[in-house]
Amino acid sequence: VEYRREKQFRLMISYLKPSQEDKILCVGVGSGREIEVLNNYVYKIYGVDISQGFLDYCNNRYGDRFEGYLCNLEQDKTIYDSNSFDKVVCLNVLPYFSKSGVHNFFCEMSRIMKKGGLMFLFTLNAKFPYAEALQKQIFKQRLKDSRAIYFYRPLSDYINILSKYDFIISDL
């Protein structure tokens with residue numbers, strides 16, 4: 001698991017090429033792993049999450065280098081103005097969203113991202129090795145623990161939704 005995260009972060013930095021001038025939004029801040037990595041390149045990271053606890057944790061951990069807001073991007077808009085962000089990072093968040101929630105997410109990202117901005121998005125899909133077996137394992141454990149369940153959908157669903165909101169998909 002740790003190697004996979006390190007690889008995600010290397011890919012994220014390689015793709016985004018963050019610089020001090022960039023304004024970056026982290027969607028689903030969680031425990032702040034992405035924030036920690038990005039703070040090596042950018043002075044301040046902005047973030048949204050549905051958990052006030054995670055936001056408080058990141059605010060306490062990163063101080064004035066993080067500014068986070070409570071937001072349920074599956075159904076709501078963010079507080080940010082249009083064309084606010086150069087780059088967006090979203091790791092392992094969308095599998096928790098319904099299909100309509102994924103639409104809302106990309107609609108909102110297309111509004112708050114600057115033209116020509118970059119988004120680094122990671123989500124499990126059918127091309128991910130062992131995705132189906134992993135999903136079954138996660139599903140059983142999350143049911144047992146009364147935790148949120150991942151929605152599994154074909155990669156084509158994401159591609160179709162991205163296209164609808166004029167995002168351009170590139171390989172790393």
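A few points on the structure. (Residues numbered from 1 in each chain as written. Predicted model: local features only at pLDDT ≥ 70, side-chain atom pairs only at ≥ 80, totals over all residues. Heavy atoms only, no water.)

Describing the overall build of the protein chain
Inclusion rule: A run of DSSP states H or I qualifies as a helix once it reaches four residues; a run of E qualifies as a strand once it reaches two. Both are numbered from the N-terminal end. The buried label applies to any residue whose accessible area, calculated with a 1.4 Å probe on protein chains only, is under 20% of its type's maximum; exposed applies above 50%, and partly exposed to all values in between. Here, two residues are considered to be in contact whenever any of their heavy atoms come within 4.5 Å of each other. For the area figures, the Shrake-Rupley method with a 1.4 Å probe applies, and any residue is considered shielded solely by the protein chains shown.
Looking only at helices and strands, one finds six helices and five strands in the protein chain. In sequence order, the secondary structure elements of the protein chain are arranged as α-β-α-β-α-β-β-α-β-α-α. Buried residues in the protein chain amount to 42% of all 172 residues. Taking the intrachain contacts of the protein chain between residues at least 6 apart in sequence as the baseline, contacts between residues at least 24 apart amount to 62%. Carbon and sulfur atoms make up 52% of the accessible area of the protein chain, which amounts to about 9,800 Å² in all.

Some remarks on the packing of aromatic side chains
Our working rule: Within 6.5 Å between ring centres, the rings of Phe, Tyr and Trp (the latter by its six-membered ring) count as paired, and their orientation is classed by plane angle as stacked under 30 degrees, edge-to-face over 60, tilted in between. Any Lys NZ or Arg CZ found within 6 Å of a ring centre and within 35 degrees of that ring's normal is scored as a charge over the ring.
Counting across every chain of the model gives seven aromatic pairs. On the basis of an interplanar angle of 70° and a centroid distance of 5.8 Å, the ring pair of Tyr46 and Phe85 is categorised as edge-to-face. Here Tyr46, found in strand 2 (residues 45-49), pairs with Phe85, found in strand 4 (residues 85-91); they are 39 residues apart in sequence, far enough to count as distant. On the accessibility criterion, Tyr46 (15% relative accessible area) is buried. Between Tyr69 and Tyr80, the ring centres sit 5.9 Å apart and the planes meet at 80°, which makes this aromatic pair edge-to-face. Here the residue Tyr69 occupies a position in strand 3 (residues 66-70), and Tyr80 occupies one in the loop between strand 3 and strand 4, the gap between them amounting to 11 residues. Take Tyr80: its relative accessible area is 8%, and that puts it in the buried class. Positioned over the ring face of Tyr46 is Lys23, at 4.9 Å from the centre of the ring. Directly above the aromatic system of Phe85 lies the positively charged group of Lys23, at a separation of 5.2 Å from the ring centroid.

As for the nonpolar core
The line we're drawing: By convention a nonpolar core is built from buried Ala, Val, Leu, Ile, Met, Phe, Trp, Tyr and Cys residues, the set being connected through side-chain atoms within 4.5 Å.
Among the nonpolar cores identified, the biggest contains 25 residues, and Leu25, Val27, Phe105, Phe106 and Met109 are the most heavily contacted of them. Put simply, the parts of the chain that give this core at least two residues each are strand 1 (24-27), strand 2, strand 4, helix 4 (99-112), strand 5 (113-122) and helix 6 (155-164). Here the element with the most residues in this core is helix 4; it accounts for five residues. Once residues lying within four places of it in the same chain are set aside, the contact partners of Met109 are Leu25, Val27, Leu73, Val88, Met119 and Phe167. In terms of nonpolar packing, the next biggest core, distinct from the first, is built from 20 residues, Leu55, Tyr62, Phe66 and Phe122 among them.

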